[in-house]
Amino acid sequence: MAAQIWGSEKRARRRREISAKIAQMPELHDSKPLPFMTREEKIMESARKLTILTEKMGQIIDPTDPAELYHLNNEVLGLEGNPMALHGVMFIPALSAQASDEQQAKWLPRALRREIIGTYAQTELGHGTNLQNLETTATYDLATQEFVLHTPQITALKWWPGNLGKSSNYAVVVAHMIIKAKNYGPHPFMVQLRDEKTHEPLPGITIGDIGPKMAYNIVDNGFLGFNKYRIPRTNLLMRHTKVEADGTYIKPPHAKINYSAMVHVRAYMLTGQAIMLASALNIATRYSSVRRQGQIDKSQPEVKVLEYQTQQHRLFPSIARAYAFQFAGAETVKLYEHVLKEMKSGNVSLMADLHALTSGLKSVVTYQTGEGIEQARMACGGHGYSMASYISEIYGVAIGGCTYEGENMVMLLQLARYLVKSAALVKSGQSSKLGPLVAYLGVKSEPTSLIDRIPNSGFTEYVKTFQHVSKRQTLKAADMFFGLMEKGEKREIAWNKCSVELNRASRLHTRLFIVEAFVRRVNEIADIRIKEALTDLLHLHVNYELLDIASYALEDGFLSASQLDYIRDQVYLYLGKIRPNAVSLLDSWEFSDIELRSVLGRRDGNVYENLFKWAKSSPLNKTDVLSSVTQYLKPMMEKARL
Ligand SMILES: CCCCCCCC/C=C\CCCCCC(=O)SCCNC(=O)CCNC(=O)[C@H](O)C(C)(C)COP(=O)(O)OP(=O)(O)OC[C@H]1O[C@@H](n2cnc3c(N)ncnc32)[C@H](O)[C@@H]1OP(=O)(O)O
Ligand SMILES: Cc1cc2nc3c(=O)[nH]c(=O)nc-3n(C[C@H](O)[C@H](O)[C@H](O)COP(=O)(O)OP(=O)(O)OC[C@H]3O[C@@H](n4cnc5c(N)ncnc54)[C@H](O)[C@@H]3O)c2cc1C
């Protein structure tokens, strides 16, 4: 099963080897539980481990393999980020995709050797979503052949970029490029921020940390202002766009090609989200099979809480989602790598499809991951609320994904643009022009769902039902939009008035893709036992998801009330079938105790003793009487007694 999750037997084996090596290297372990550290201590601890990793990484992993790097990162540095998180996640990808060969030769080896630390500085205090209204400017000075970076007002301060505040000395900065008074829109520039020897900010640069956040507090998300700060013309990233010495602008082959670093993260973050969901579920499911509370049959002893159907209903559909996201994420990364290769050789024809797909997936996966993790926390009762469970930290980190790389509603609307264009093709009789991901929009469906009517139909009738609801909602939302425009409404106003319906279509389309990716994977599996376990999970997934969106299928009579009862019964049937495999389905992800950082989720199940040990190690327990008591509470009580 680990091979299915991680992509191959070799990958699963490598993960095990890497975890075993890390277990033997105490210098790479947290020196004390992260929840007991201050933010400064955590940053220091992370930087300590990071420097050891830079020295020893080659002994543990193949540093050129992103999957091995990601695993090493999760085990040693953890989810809360590190002082170089954005260096790998966005700075290097931005340089790789957007810098010319000559620029790459100059900067990439230094970045890869970690001679310099970089980040991706795009979002500002006043604007994050609407890139067209970013306010930082890069004005070309023809006389000196330099760009002059400037922050005209407070809202133009860069705000949020990870590791910008304190750790990075370089950044890819996105600014509006102005040449001879003409604004060419946002473009990426390589900018040195700090002196390489002293790490002091360079003259003309104002920089710092934006303060503590809901989670991710090891990352120094920062602010950045420029006061007429000059950089050479050749620091504009010039793989696709060029500016010649005389100010001549050579436009890129696709208007949005400079957005590729964002698409990179949107594609890769899906499996990251799956891992976080599976981690929280691993903690909650293990704990639920240790925790005994109450009786189902009063004549019997107290049961493990995992025996309660409500507990299973709370956890198991999310287990199915974690697998579904992992499989859909793996497909998306493959597609991304293919499109990136094509883009590098000048073929930009697949960019729109990739953008639409990643926009929808990013939104649905992060939202459902957040939901699943929060349910996992509640499933652990009181102990879930303790930082000893570590679930709250996983939650805080995971839901950051609902916001970064494009706020979820906004990204769903990006997919909706693509769906509406596709609907227009269907309406104008040009279905043959539909791309493969939306081809179903042009296919006539049966009048009613055949779920429960055709024996041994596998998952075909489910897929058809998801296709039906997605198609119907897409066409309905598109009709609403076109209808408003026919009545004379301006395009943008009509769009806004339909946007809730449009986003519903985007969600349904994305959920269909996730179901299809799960079905594709299960169909590929040769090992009978693995196939059987995953088929059970897939049954739970399709029935649970369909129940969740049933109103769309009921409203036009595609599903009947009796079919809905059948689907509900299937959910209960598969909850029971999955119960014996539940812990194994999560243990198959092979998270080590070091990686999980959870007292509740320990592999050995020795929860209570370790919770007590953990509580005793709280800094508050270093002394029996705190100074808050001697200074304030004790005098207060004494005064009251007089
Ligand atoms: C190994 C790696 C492991 C990775 C693991 C992940 C873990 C990560 C952990 C932590 C990292 C945190 C990183 C966070 C970093 C950031 O957040 S960076 C900042 C991100 N910011 C955003 O995402 C901003 C969101 N806004 C946008 O993307 C855009 O502004 C917009 C798309 C909403 C609109 O752009 P705009 O230029 O205004 O577009 P319009 O003029 O409206 O045109 C829209 C048309 O452009 C098409 N389009 C847009 N984007 C793309 C694209 N990327 N590719 C292709 N096409 C694109 C769009 O479809 C429209 O086309 P039509 O007009 O034909 O419909
Ligand atoms: C943990 C974290 C890490 C980050 N790291 C980085 C980084 O490394 N580099 C970087 O540059 N940035 C980074 N960011 C910033 C992030 O990319 C932005 O916050 C994000 O893109 C959302 O933009 P915003 O803050 O402007 O939200 P807003 O756009 O102000 O969103 C507020 C509300 O308005 C709605 N809204 C906005 N526009 C529309 C619209 N057109 N239609 C409908 N609704 C709309 C949204 O849906 C939302 O409900 C990070 C953010 C976080 C939380």
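Just so we're clear, the structure is a prediction, and the values are computed from it rather than from any experiment.

Caption draft 1: The arrangement of the overall build of the protein chain in detail. Of regular secondary structure, the protein chain possesses 22 helices and eleven strands. Against the compact-globule benchmark of 26 Å for 642 residues, the protein chain has a radius of gyration of 27 Å, which places it among compact chains. With the principal axes as the frame, the protein chain shows a C-alpha extent of 90 × 80 × 60 Å. Residue burial in the protein chain is summarised as follows: out of 642 residues, 53% are buried.

Caption draft 2: Focus on the site of ligand 1. Close to ligand 1 lie 27 residues; Thr129, Gln132, Tyr259, Arg417 and Lys421 are nearest. One of the side-chain N or O atoms of Tyr259 is found 2.4 Å from an oxygen atom in ligand 1. Side-chain polar atom of Arg266 to an oxygen atom of ligand 1: 2.9 Å apart, as the coordinates give it. The fraction of the free accessible surface of ligand 1 (1,400 Å²) that becomes covered by protein chains is 81%. The set of elements that each furnish at least two residues to the shell around ligand 1 consists of helix H7 (260-288), helix H9 (351-379) and helix H12 (408-427). The leading source of residues in the shell around ligand 1 is H7, at five residues. Of the residues contributing to the shell around ligand 1, the split by class is 13 nonpolar, nine polar and five charged.

Caption draft 3: Local environment of the environment of Ser445. Note on placement: Ser445 falls in the loop between H12 and helix H13 (460-486). For Ser445 and Lys471, which are 26 residues apart along the polypeptide, the C-alpha to C-alpha distance reads 9.4 Å. Here Ser445 is in contact with His468, Lys471 and Phe558, once residues within four sequence places are set aside. Reaching out from Ser445, the side chain makes a polar contact with the side chain of His468 at a distance of 3.0 Å.

Caption draft 4: Broad picture of the site of ligand 2. Around ligand 2 sit 19 residues, and of these Tyr120, Thr123, Gly128, Thr129 and Glu407 come closest. Between an oxygen atom of ligand 2 and a main-chain N or O atom of Gln122, the distance comes to 3.0 Å. One of the backbone N or O atoms of Gly162 is found 3.0 Å from an oxygen atom in ligand 2. If you tally residues by element for the shell around ligand 2, the top one is H12, at three residues. For the shell around ligand 2, the residue count by class is nine nonpolar, eight polar and two charged.

Caption draft 5: Structural view of the pattern of salt bridges. Summed over all chains, the structure comprises 40 salt bridges. Notably, a salt bridge pairs Arg16 with Glu590, separated by 2.9 Å at the nearest N-O pair. Taken together, the residues Arg16 in helix H2 (residues 9-23) and Glu590 in the loop between helix H19 (582-587) and helix H20 (593-596) connect sequence positions 574 residues apart. Residue Arg16 is classed as partly exposed on the basis of its relative accessible area, which comes to 44%. Accessibility expressed as a relative area gives 23% for Glu590, which makes it partly exposed. Ionic pairing is found between Lys497 and Glu489, a salt bridge with its closest N-O pair at 2.8 Å. One network of salt bridges, with partners in common, ties together Arg321, Glu371, Arg511, Glu545 and Asp548.

Caption draft 6: Representation of the domain arrangement of the protein chain. When cut into domains, the protein chain gives domain 1 (2-82), domain 2 (116-252) and domain 3 (259-425 + 467-585). Inter-centroid distance (C-alpha atoms) of domain 2 to domain 3 is 35 Å. On the domain 3 side, the residues contacting the nine residues of domain 2 number twelve residues. The contact between domain 2 and domain 3 buries some 870 Å² in all, and 70% of this surface belongs to carbon and sulfur atoms. Joining domain 2 to domain 3, the criterion identifies zero salt bridges. In this structure, the connection of domain 2 to domain 3 is made through zero residue pairs in polar contact (both at pLDDT 80 or more).

Caption draft 7: Representation of the pairing of strand S8 (residues 222-226) within the structure. The buried fraction of S8 amounts to four of the five residues, a majority that puts the element mostly inside the structure. As paired elements, strand S4 (residues 158-159) and S8 share two bridges and run antiparallel to each other. Counted as the bridge partner of Lys158 is Leu224 from S8.

Caption draft 8: Representation of the UniProt feature "domain: Acyl-CoA oxidase C-alpha1" (unreviewed entry) in the protein chain within the structure. Following the UniProt record, one finds the feature "domain: Acyl-CoA oxidase C-alpha1" (unreviewed entry) at residues 259-420. Helix makes up 77% of residues 259-420 and strand makes up 0%, while its end C-alpha atoms are separated by 22 Å.

Caption draft 9: View of unusual backbone geometry. Not every positive phi belongs to a glycine, and Asn163 is a case in point at roughly 65°. Tracing the backbone shows Asn163 in the loop between S4 and strand S5 (170-179). Accessibility expressed as a relative area gives 0% for Asn163, which makes it buried. Phi is positive for Lys180, close to 45°, though the residue is something other than glycine. Secondary-structure assignment places Lys180 in the loop between S5 and strand S6 (182-192).

Caption draft 10: Region of the structure containing helix H15 (residues 499-524). Here H15 spans 38 Å end to end across 26 residues, near enough to the 38 Å set by a 1.5 Å rise per residue. Among the 26 residues of H15, 20 are classified as buried, and the element is accordingly described as predominantly covered.

Caption draft 11: Examining a positive patch on the surface more closely. Taken together, the side chains of Lys256, Arg417, Lys421 and Arg491 present a region of like positive charge at the surface. Assignment of secondary structure puts Arg417 in helix H12. In this structure Arg417 comes out as exposed when scored by relative accessible area, which is 53%.

Caption draft 12: View of the environment of Ala423. Looking at where Ala423 falls in the secondary structure, it is placed in helix H12. Taking relative accessible area as the criterion, Ala423 reaches 0% and is therefore assigned buried. Along the sequence, Ala423 and Ser457 sit 34 residues apart, while their C-alpha atoms lie 29 Å from each other. Beyond its immediate sequence surroundings of up to four residues, Ala423 is in contact with Thr474, Leu475 and Ala478.

Caption draft 13: Seen up close, a nonpolar patch on the surface. Where nonpolar side chains cluster on the molecular surface, the patch consists of Tyr632, Leu633, Met636 and Met637 and spans about 440 Å² of accessible area. Relative to the helices and strands, Tyr632 resides in helix H22 (residues 627-641).

Caption draft 14: Quick look at the packing of H7 against helix H11 (residues 391-403). The interhelical angle for the contact between H7 and H11, taken along N-to-C directions, is 160°, at an axis separation of 10 Å. Classified by the angle between their axes, H7 and H11 sit roughly antiparallel to one another. Considering only the axes of H7 and H11, their crossing is left-handed. Across the interface between the two elements, Met269, Gln273, Met276, Ser279, Ala280 and Ile283 from H7 touch Ile391, Ile394, Val397, Ala398 and Gly401 from H11. Considered class by class, the residues forming the contact of H7 with H11 number eight nonpolar, three polar and no charged.

Each value, and the rule that gives it
- Residues numbered from 1 in each chain as written.
- Chains lettered and ligands numbered in written order.
- Predicted model: local features only at pLDDT ≥ 70, side-chain atom pairs only at ≥ 80, totals over all residues.
- Heavy atoms only, no water.
- Helix = DSSP H or I, 4+ residues; strand = E, 2+ residues; numbered from the N terminus.
- Rg over C-alpha atoms; globule rule 2.2 N^0.38 Å.
- Buried < 20%, exposed > 50% of the residue type's maximum accessible area, 1.4 Å probe, protein only.
- Near = heavy atom within 4 Å.
- Polar contact = N/O pair within 3.5 Å; in protein donor to acceptor, adjacent residues only side chain to side chain.
- Areas by Shrake-Rupley, 256 points an atom, 1.4 Å probe, with all protein chains shown as cover.
- Nonpolar A, V, L, I, M, F, W, Y, C, P; charged D, E, K, R; others polar.
- Contact = heavy atoms within 4.5 Å.
- Salt bridge = Lys/Arg side-chain N within 4 Å of Asp/Glu carboxyl O.
- Domains from an automatic or database assignment.
- Buried area = accessible area lost by both parts, 1.4 Å probe.
- Pairing = 2+ DSSP bridges.
- UniProt positions renumbered as here; feature names shortened; annotations may be inferred.
- Expected span 1.5 Å × (residues − 1).
- Patch = residues over 30% accessible without salt bridge, like charges linked within 9 Å, V, L, I, M, F, W, Y side chains within 5 Å.
- Lys, Arg positive; Asp, Glu negative; His and termini not counted.
- Charge placed at Lys NZ, Arg CZ, Asp CG, Glu CD.
- Axes fitted to C-alpha atoms, helices over the stretch in contact; angles between N-to-C directions.
- Parallel < 35°, antiparallel > 145°, perpendicular 65-115°, else oblique.
- Left-handed = near helix turned anticlockwise from the far one by under 90°.

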